Amino acid sequence: MKNSTPFKLSKKGLLLLSIAAASAGAVAQDAPQNSDDDQEVIEVKGYRGSLLNSTNAKRDSNGFSDEIFADDIGKMPSLNLAESLARIPGVKINRDVSGEGQQIAVRGLGPGFTKIVLNGNSMSVASTGSLDAGNSDRQVDLDLFPVELFSSLSVDKTATAQQIEGGVSGYVNMRTARASEMGEGQHVRFSMEGAYKETQGGVSPKAAFTYSYATDKFGALFTIVGKRAKTRVDGFEQDANFQNGCVAEWSNGTAGCIEGSTGWNNFQYTNIASADYAASHSGVNAGDMLDINQVSGLSNEQLDNLGMPRIARMMTMGGTKDYVSALASFEYKPNEDMNMALDIIKADSDYTAERTEAMLIYRNNYLQYDLAWLPENIQSVDRGEGERIVSGTFYGSRPWVGTRQYDEDLSFYSVMPSFSWYVNDEFKMDISASRTKSEFTRDEPYVLYFAPKGTVNFAYGNGSIVPTMDYSGDLTTASDDWSLVAGPGAAGDVQSMDLRFARGSRQITTTGFHADFGWGADPEHNGILFGFAYDKNENNSQGYSGTGYGDYILSNQPDIAQNFSQYLVDASVTDLGKNIDGYQGLNGIVGLDWDKFKNDINYDGFEPQPSTGNQFGGSVGNITETVNSLYFEINTETEIAGRNLRTNSGVRYVDTKQDITTLNGATNTDYSRLLPSFSAVYDVADDVKIRASASRSLTRANPSKMYPNTNWTSAGIETIDTGNPALAPFEATNFDFGGEYYFSDLGYVGVNYYQKDITGFTRTESNLVQFSDLTEWGVDITDLSSIQEEQLANCGGATSDQCITNVSAAVNIKGSVKLTGLEVIWVQPLDFIVEGLGFNASANKISQDADEGTQITGIADSNNLTVYYENDAFQTRITYYHQDGADSGDIWGTPLYSRDRSQIDISASYVLPVATEYDLTVSFDAYNLTNEPISTYLENDSQTFRAYFPGATYNLGISAKF
């Protein structure tokens, strides 16, 4: 059986493409066809100049590639690298929860399938992606690098033998700026900006300075960029799938689920009237025994099967992120035949933030600790996945509050010397070496505590994608009624305190040496290219166990539970949800005095032990990949029927050795692949080009999925992740066919059809395992934390069929997955309407044909449109991005989907009519004007899984150059 996702074109996308097609056709018919001799040579600058350079690069390319150029040194089309690349068809942005573009994905596959290189050399960044991601794959977080360091960004969607392998979906080359591009003599450029973010309210400053000096033999360029970003994000989160509970009762002094209860039993409901229920229902006293079926409107069986979010919480997070980046570039040209260069980048970011969350629906609300809820007027619906809560009121609820303090440090440096030499008219050589290193550390202690009892109202479908999360008490003001632990219950039981230690680090080093040779007067067009490469990639990650952390705290503060309220502070945010459309719920959450807490427990004195896992639930260890490769290419240029035909034929041989070590042992693999490639472009007419290509490509498996570890991924006994060192690389056979019609120097329309047949794709398989059977998975079930021991006891012990653990492991998919797609691009000047007016639009439509159970997640259509106007002094543009929602996998077997997202950005600049010799320019940029959220849902669009509202950002700047 096949699962097929058909092509689809949204109404917005159809409208945009229709407008573009109509305009292109009109211009193509009306524009005069001047010969080259009649054309006036005009220097085009600004955004139009950037588009012109991109058009020329597209016209001259052999395969399927696109390139983005800075319209001036340090002036990419957007203030962010990922946003700049987004106007290329087939490029999709992965955004941080703050809304900023962070990673890119090409042609439907995830960011880890795109090979990103720096000046043609391997590089990697050790960061972990978005706040809620914890990525440790091969993707590169682009938000570390400011646009001021780069002069062009190219995207090759089909492989050639010369490219470093590793990108099944695409190959992106980020080329740093050099002095020769600014012209001879001395040049200085500086800029100052301030960004105002709606959610945060403050101004984030940024400054950049570039100096260059160049002669006909020597060049030097220095750029330094500093930025302080003030951040705040509000949102709603569900931590897992929908799970059920049970009616709980006291029996012989013991609290537990009533007889006959089945399933997860993660929630407990009580028939005992709480004080808040009695206060709102006349004739009822606290402690009265009620008919829970009458109050809730559900039978015991229905309550037992009612699916609710395992945890549903509101959150707010704010902090400061400081960036400092620098580029030093040197060029030396001793004669016309030789060129030497040295490019050095250093980039650092420091991030400190606090996150506070209030869980109003949460697991393990045990009756024995006086945490069970009395449910009233529960409304539910069954859409085919079982009964799911729609709305309800829960009395006697103590919101479970958590706060984390983040301290992140990320660094990156690269050193890349290169040497080019035209030995004679027929032979040239390019030698380059590279060394990059990136280090990342994150410390995030986590403290959980309880608010006073009150009434919780929860409801989906209130005019917002965020459910109602309302609480009758005051969650903004700290008081002695708050506590570190729950209880005592009727039998005197007190829940264990939940103080978590979380720290992890990662270091990635790449070392490379590449030697490329060319034979022929112009070997890129007509001749032979060959060479060899050595690349070594070392990925080392460490996790630290919090075992003994609670005992350590008690040794320093034995009365911390009794005196915990002294560490609480009033909510720092009292307008939580201000940017959430239709929001009804909490306006703030009591936080923690982290300085006092850490000082009193001597936090810095705790010495954690190395662990097999990190705080994101992933495995850790060391993986070293040594890659040796050889390649050979033949380029030809000839005429057929009086028209030019260019071809590129080549093959790359790659040998990969992987050495993997962890605390549990070591393993290694060694495999070789032969990667052929072919591409051709034929000039059907003077302004029409037809292209075709075929190739084989590979992407190596996610390193974090290969460590031979088994580790807990939850604080309790719910989830475990196990590694698979035998994961094979992803491999693809790629076919592309398309072409362009160039109706002016700047304007063209292009259509590309592509197909990828992918093997070796992986998916995460989940297995529900009875707790005592975990020994078969290599788990030591006797080595448990106090929280795990408590949860195990509460579900009936190791041999109870109520004690179930979800074990996840990555496996290679058998068979193949076929991706097919269509890319359309229009670049259209509209000078016939208004001089300087124009637009560029692109769209990518993608579908897949997959064997049963092997559907690739994240496949999404996308389109964008930029309308611009510029003259000698003023330029402005408005950009519309749209990305369809997609199947995003599953959460413990429950289908997860991302929602459609559209974003509108505006950019404008004006050259002031004063000090004209300095090109003094003011600029204004606005991003996400319509406050589009970043959101996902489970099973049904009415059931939001996570939603973050980054709000709009406004940026005002001034720049000059001389």
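Residues numbered from 1 in each chain as written. Predicted model: local features only at pLDDT ≥ 70, side-chain atom pairs only at ≥ 80, totals over all residues. Heavy atoms only, no water.

Caption draft 1: Molecular detail of the side chain of Thr476. Along the polypeptide, Thr476 turns up in the loop between β25 (468–471) and β26 (499–500). Within the local environment of Thr476, its side chain forms a polar contact with the side chain of Asp474, the two groups lying 2.6 Å apart. Excluding anything up to four places from it in sequence, Thr476 contacts Asp570, Ala571, Asn587, Gly588 and Val590. (Helix = DSSP H or I, 4+ residues; strand = E, 2+ residues; numbered from the N terminus. Polar contact = N/O pair within 3.5 Å; in protein donor to acceptor, adjacent residues only side chain to side chain. Contact = heavy atoms within 4.5 Å.)

Caption draft 2: A look at the sheet that holds strand β7 (residues 150–156). Taking strand neighbours across the sheet as the criterion, the 5 strands line up as β2-β7-β8-β5-β6 in an open arrangement whose pairing is mixed. The sheet is open, and its two borders are formed by β2 (65–69) and β6 (121–122), each paired with just one other strand. Relative to strand β8 (residues 170–176), strand β5 (residues 114–118) runs parallel, the two being bridged by 5 bridges. In the sheet register, Lys115 faces β8, and the bridge partner there is Tyr171. (Pairing = 2+ DSSP bridges.)

Caption draft 3: Expanded view of the confidence of the model for the protein. Mean pLDDT over the protein: 88, with 93% of residues reaching 70 or higher. Overall, residues 1–43 carries pLDDT values under 50, and its contacts beyond four positions in sequence, including any with other chains, amount to 62 contacts. (pLDDT = per-residue confidence, 0-100.)

Caption draft 4: Region of interest: the pairing of strand β52 (residues 953–961). Pairing geometry for strand β9 (residues 185–197) and β52, over 9 bridges, is antiparallel. Paired with Met192 across the bridge in β52 is Ile958. As paired strands, strand β49 (residues 921–927) and β52 are joined by 7 bridges and run antiparallel to one another. In the sheet register, Thr921 faces β52, and the bridge partner there is Ser959.

Caption draft 5: Broad picture of unusual backbone geometry. Across the junction of Gly487 and Pro488, the peptide omega takes the value 0°, indicating a cis bond. Structurally, Pro488 can be placed in the loop between β25 and β26. We note that Ala915 has phi near 45°; this positive angle belongs to a residue other than glycine. The residue Ala915 is located in the loop between β48 (901–911) and β49 in this model. Of note, Asn928 is a non-glycine position whose phi angle comes to about 55°, a positive value. Within the secondary structure, Asn928 sits in the loop between β49 and β50 (934–938). Note on Asn928: relative accessible area 5%, which makes it buried. (Buried < 20%, exposed > 50% of the residue type's maximum accessible area, 1.4 Å probe, protein only.)

Caption draft 6: Structural detail: the state of the cysteines. Within the structure shown, the criterion is met by 2 disulfides. Disulfide pairing is shown between Cys246 and Cys257; the S-S distance is 2.0 Å. The sign of the -70° torsion about the S-S bond sets the Cys246-Cys257 disulfide as left-handed. One end of the pair, Cys246, is in strand β13 (residues 245–251); the other, Cys257, is in strand β14 (residues 254–257), with 11 residues separating them in the sequence. Looking at the protein, its bonded cysteines, counted consecutively from the start of the sequence, adopt the pairing 1-2, 3-4. (Disulfide = S-S within 2.5 Å.)

Caption draft 7: Molecular detail of helix α9 (residues 786–794). Turning to α9, its buried residues are Gln788, Glu790, Gln791 and Leu792. Lining the buried residues of α9 we find β36 (710–712).

Caption draft 8: Geometry of the packing of aromatic side chains. Applying the stated criterion across every chain yields a total of 36 aromatic pairs. Taking 6.2 Å as the distance between ring centres and 15° as the angle between the ring planes, the aromatic pair formed by Trp400 and Phe450 counts as stacked. Linking Trp400 in strand β21 (residues 400–424) with Phe450 in strand β23 (residues 446–450), this pair joins segments that are 50 residues apart in sequence. Judged by relative accessible area, Trp400 falls into the buried class, the value being 9%. (Phe/Tyr/Trp six-rings, centres within 6.5 Å; stacked < 30°, edge-to-face > 60°.)

Caption draft 9: Local environment of the pattern of salt bridges. In the structure shown here, the tally under the stated rule is 48 salt bridges. Between Lys578 and Asp575 there is a salt bridge, with the nearest N and O atoms lying 3.6 Å from each other. Here Asp600 makes a salt bridge to Lys596, at a shortest N to O gap of 3.3 Å. One end of the pair, Asp600, and the other, Lys596, are both in helix α8 (residues 594–601), 4 residues apart, so they sit about a helical turn from each other. (Salt bridge = Lys/Arg side-chain N within 4 Å of Asp/Glu carboxyl O.)

Caption draft 10: Just helix α2 (residues 46–60), in detail. In this model α2 runs 21 Å from its N-terminal to its C-terminal C-alpha over 15 residues, within 8% of the 21 Å that 1.5 Å per residue would give. Three or more residues of α2 are buried, namely Gly46, Tyr47, Arg48, Gly49, Ser50, Leu51, Leu52, Ser54, Thr55 and Lys58. (Expected span 1.5 Å × (residues − 1).)

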